[in-house]
Structures are given as C-alpha cells and as structure tokens.
Amino acid sequence: MTLITAFRDQAGTCARMGSPLMGRVLTILADHWDPNSRLGQAMGEYAGDIGPAGHSLPLRIAGGLHALVLQGADTALIAAYPPNTVDDATLEHTVLNALTTHEDFLLDWTTSPPQTNEVRRSAALIAMARTACTHFDRPIVLSELGASGGLNLMWDQFALDTGTHTYGPKTPALTLTPEWTGSQPPVNNPQVVDRSGVDLNPLNPNDTDDLLRLTSYLWADQPHRLALTRAAASVMQAQVEKDDAINWLECRLTAAPHGHMHMIQHTVAWQYFPADAQARGTTLIEAAGARATPQTPLAWMQMETDGDTTGAVGAALTLRLWPGDLTLHLGRADFHGRWINWTA
C-alpha cells in the first residue's frame, strides 16, 4: 500500500465513522502529498503495513494537525477547523501551509503511533460488569489489558443511559448514551475497590502532554468525544503500568485477594496481541478460573472482534465466569461504543 492509497482509505473510514472533516483533510493530503519534503521523506522510511493495522501513518499526521489546533499553535488552522466552517479551497490552503510551517513539530509528533482511549466503550463494560455481579456479588478488583490512558477503568464513575433506564452513580462524571437495542442490563451496583491496568505505552490523562495526545486523535467535528474524554480524565485515579500485558497479567492473577471478584477487561485490544500472547493469556486466565471459588470468583469481560473487520456488525461482547466456566454471549457493540445491541 502506498501512502497516497492509505490516505484515501483512511479518509473513507473517517467519513463512515462520522467525521466528514477528517474525510476532507485526508483527501487533501492524498491529493497534494509531497514525498520530497522532510516529512514526506520521513514517512517514506516506514516499511510494512502503513495503514491502520500497522504504522497508521495517515492518522499520525492527521492527529498532529489536530494537536496544533488544540494547542492554539496555528490561528489559520483553528479558523478552518470546527466549530468554524470553510470551503474546500480554504481548508486545502490552510492544511498544506500547516504541513510546511509546523514541519518540525509534525516530524517529532509522528514518531509515536496513534493512541486513543475511547470512553464510550465503557457503556458495554458497565452492562457486562452488572451481569457478572448477578452471578457473584463480590467487591471487584479490576484489571485492564491494553489500557492506554486507563480511562475505561473508571466505568463505575460513569452513568449509562439506555433511553429507558439510567444506571450508575447519582452524580456521575459523565453519562454515556449509546443507541441501545434489546433487553436492559441488571440494576445492581458493582463496587470496584481496586483498579489497575497495563499498556506497552501508557499515557497519563493527568499529564497535559499525554492528554493532548489522547484528545488529538478525537476528531474536531466530534466535540462530544472530546468532552467525554476530558470528563473521564477529571476523575482518573487508576494506575496504568508500562509492561507486557501477559507478563503483568500473570502477576496480577496471583494477587487477587480472598473475598473479591477479580475482573479482567479489554476493549478492542486483545485482537492486536500476537497469537502466542493470546494463547498464553488464555491459558493463564483459564488456570486462574480453575482455582476460583464462589467467594473469590473470576470474570473476563471482552469487547473484541470475532472476525468482522469492517465494523458493520461491531465487536462481540463476551463474558466468562468462574467457578463453572460459564460463557455468556451478551450482544454486540460498535467499536467506538456508538450503539449496543444487548441480547443477554
């Protein structure tokens, strides 16, 4: 795949995911990319998959442009980005000018891969955790794999509004409103008493630079996502460690305290683990499940693809519980949490 093709593919994806602005910006990049610029030469050095399943170069560049807006570093770009509206010619001129004016910044920015922390996925976690607690009503020790900034470790501080009922604390940090179809989740109130996560490159939402990186990949014409992320960051209290996920999990599984339910969660992360890591992780979790008791149960919440890569039918919501090794297929959710079809 050439970078021009990657730009066009990513433009289509962003437009389908509700960001017409990014569709326009990435199309401009495809039409006018200069491979001989310093930035163009740097991008040309990447080998292998440069699309979203690999180095994701188009998103790195688009995220860098949005970071310039969020930092207030380019007044012309700010004027061309929402909530403002400009014609295609103005947007084109502004984007191309930013590429040259801020080339040093973009060269540095694009050395790191895109990283987001989609808070709307917590809607599915809230529903799955409540289901787990109908089987084992214990205080929860929560562990997240591929946690990024760890914002989804705070799901018990968020409310879920299904259109029929609202679940969560009386004064939530934020309210999630996915398009909900199907039955309603249980009405119990899970109690999280300990939470921790792991990531190869964890970001700290309480750090200004890290929060900028998390928010720069949330598109400027989707201000609701920015608001949710900032609201979640305001209550962030979990620790996310820098480590290999499966090595960290092995230690975490041996430390679950008696009388608590150890709950493992991951959302659109497991699918990116190497096959041998997935196999080892599954073996470790199943072995811990075999040791689980009704007083110290184990839950494994997964929001992951089960083969569909188009996003048309979303991610599968799967819950495994021990003792008993019960597998519950609870429905499907949009990869960004925009809709949930709950079939529990």
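Now for a look at the structure at hand. Quick caveat: nothing in here was measured; it's all calculated off a predicted structure.

Reading the values: the criteria
Residues numbered from 1 in each chain as written. Predicted model: local features only at pLDDT ≥ 70, side-chain atom pairs only at ≥ 80, totals over all residues. Heavy atoms only, no water. Helix = DSSP H or I, 4+ residues; strand = E, 2+ residues; numbered from the N terminus. Buried < 20%, exposed > 50% of the residue type's maximum accessible area, 1.4 Å probe, protein only. Contact = heavy atoms within 4.5 Å. Areas by Shrake-Rupley, 256 points an atom, 1.4 Å probe, with all protein chains shown as cover. Lys, Arg positive; Asp, Glu negative; His and termini not counted. Charge placed at Lys NZ, Arg CZ, Asp CG, Glu CD. 1 Å grid on protein atoms, 1.4 Å probe; cavity = no way out; pocket = protein on both sides within 12 Å on 5 of 7 lines; lining within 4 Å. Points joined across faces, edges and corners; volume = space filled by probe spheres on them. Nonpolar A, V, L, I, M, F, W, Y, C, P; charged D, E, K, R; others polar. Pairing = 2+ DSSP bridges. Axes fitted to C-alpha atoms, helices over the stretch in contact; angles between N-to-C directions. Parallel < 35°, antiparallel > 145°, perpendicular 65-115°, else oblique. Phe/Tyr/Trp six-rings, centres within 6.5 Å; stacked < 30°, edge-to-face > 60°. Core = buried A, V, L, I, M, F, W, Y, C linked by side-chain atoms within 4.5 Å.

### Quick notes on the overall build of the protein
Point 1. A count of helical and extended segments in the protein gives twelve helices and twelve strands.
Point 2. Split into buried and exposed, the 344 residues of the protein put 52% on the buried side.
Point 3. Within the protein, contacts between residues separated by at least 24 positions form 72% of all contacts whose residues are at least 6 apart in sequence.
Point 4. For the protein, the exposed area adds up to about 14,700 Å²; of that, 52% sits on carbon and sulfur atoms.
Point 5. In the protein, which carries 21 positive and 35 negative side-chain charges, the distance between the mean positions of the two groups comes to 6 Å.

### Looking at the layout of surface pockets
Point 1. Of the voids in this model, the second largest pocket is the one considered here, and its volume is about 210 Å³.
Point 2. Considering the residues around the second largest pocket, the lining is formed by Ile 126, Arg 130, Trp 155, Asp 156, Gln 157, Phe 158, Gly 168, Pro 169, Asn 189, Pro 190, Gln 191 and Val 192.
Point 3. Per-class residue counts for the lining of the second largest pocket are six nonpolar, four polar and two charged.

### What about the sheet that holds strand 6 (residues 192-199)?
Point 1. The nine strands lie next to each other as 5-12-11-10-9-8-1-6-7, forming an open sheet whose pairing is mixed. Of all strands in the sheet, those with a lone pairing partner are strand 5 (179-182) and strand 7 (239-242), marking the two edges. Adjacent strand axes in the sheet meet at a mean angle of 20° when their direction is disregarded.
Point 2. Bridge count for strand 11 (residues 326-333) against strand 12 (residues 339-342) is three bridges, and the pairing is antiparallel.

### As for the side chain of Arg 213
Point 1. For Arg 213, the position within the fold is in helix 9 (residues 208-216).
Point 2. The contact partners of Arg 213, leaving out residues within four places of it in the chain, are Trp 109, Ser 112, Pro 113, Gln 115 and Leu 203.

### Some thoughts on the packing of helix 1 (residues 3-16) against helix 2 (residues 20-32)
Point 1. Between helix 1 and helix 2, whose axes approach to 8 Å, the crossing angle comes to 170°. For the element pair helix 1 / helix 2, the angle class is roughly antiparallel. Side by side, helix 1 and helix 2 meet where Ile 4, Phe 7, Arg 8, Gln 10, Ala 11 and Cys 14 of the first sit next to Met 22, Gly 23, Leu 26, Thr 27, Leu 29, Ala 30 and Asp 31 of the second.
Point 2. A breakdown of the residues in the contact of helix 1 with helix 2 according to their chemical character gives eight nonpolar, three polar and two charged.

### Describing the packing of aromatic side chains
Point 1. For the structure shown, the criterion picks out six aromatic pairs.
Point 2. Considering the side-chain rings of Trp 109 and Tyr 217, the 6.2 Å spacing of their centres and the 35° angle between planes classify their relative orientation as tilted. Of this pair, Trp 109 sits in helix 7 (residues 103-109) while Tyr 217 sits in the loop between helix 9 and helix 10 (223-233), placing them 108 residues apart in sequence. Neither Trp 109 nor Tyr 217 differs from the other in exposure class; each is buried.
Point 3. Measuring from ring centre to ring centre gives 5.5 Å for Trp 270 and Trp 300, while their planes differ by 65°; the resulting arrangement is edge-to-face. Placement of Trp 270 in the loop between strand 8 (261-267) and helix 12 (275-291) and of Trp 300 in strand 9 (residues 298-304) is noted, with a sequence separation of 30 residues between them.

### Remarks on the sheet that holds strand 4 (residues 175-176)
Point 1. In spatial order, the strands read 3-2-4; together these three strands make up an open sheet with mixed pairing. Each having just a single partner strand, strand 3 (166-167) and strand 4 make up the two edges of the open sheet.
Point 2. By the bridge criterion, two bridges tie strand 2 (residues 159-161) to strand 4 in an arrangement that is parallel. Considered in strand 4, the bridge of Leu 160 is made with Leu 176.

### Let's talk about helix 10
Point 1. Where helix 10 is concerned, the buried positions are Arg 225, Leu 226, Leu 228, Thr 229, Ala 231, Ala 232 and Ala 233.
Point 2. In the core, the buried residues of helix 10 are packed alongside helix 4 (57-70), strand 4 and helix 9.

### Looking at the nonpolar core
Point 1. One finds Trp 155, Phe 158, Met 263 and Leu 317 to be the most contacted residues of the largest nonpolar core, which totals 48 residues.
Point 2. Mapped onto this core, the elements with two or more residues apiece are helix 8 (122-135), strand 1 (140-145), helix 10, strand 8, strand 9, strand 10 (315-322), strand 11 and strand 12.
Point 3. Among the elements that take part in this core, helix 8 stands out by supplying nine residues, more than any other.
Point 4. Contacts of Trp 155, omitting those with residues within four sequence positions, involve Ser 122, Leu 125, Ile 126, Ala 129, Ile 140, Leu 142, Pro 190, Val 192, Met 263, Gln 265 and Met 301.
Point 5. Ala 6, Phe 7, Leu 29 and Val 95 belong to the second largest nonpolar core, which has 38 residues in total.

### Focus: the pairing of strand 10
Point 1. Summarising burial for strand 10: eight of the eight residues are buried, a large majority.
Point 2. On strand 10, burial covers both faces: Ala 315, Leu 317, Leu 319 and Leu 321 on one face and Ala 316, Thr 318, Arg 320 and Trp 322 on the other are all buried.
Point 3. Across seven bridges, strand 9 lies against strand 10 in antiparallel orientation. Counted as the bridge partner of Glu 304 is Ala 316 from strand 10.

### Focus on the environment of Ala 76
Point 1. Following the sequence through the fold, Ala 76 ends up in helix 5 (residues 75-80).
Point 2. Given a relative accessible area of 40%, Ala 76 falls into the partly exposed group.
Point 3. Sequence separation between Ala 76 and Ala 147 is 71 residues, and the spatial gap between their C-alpha atoms is 35 Å.

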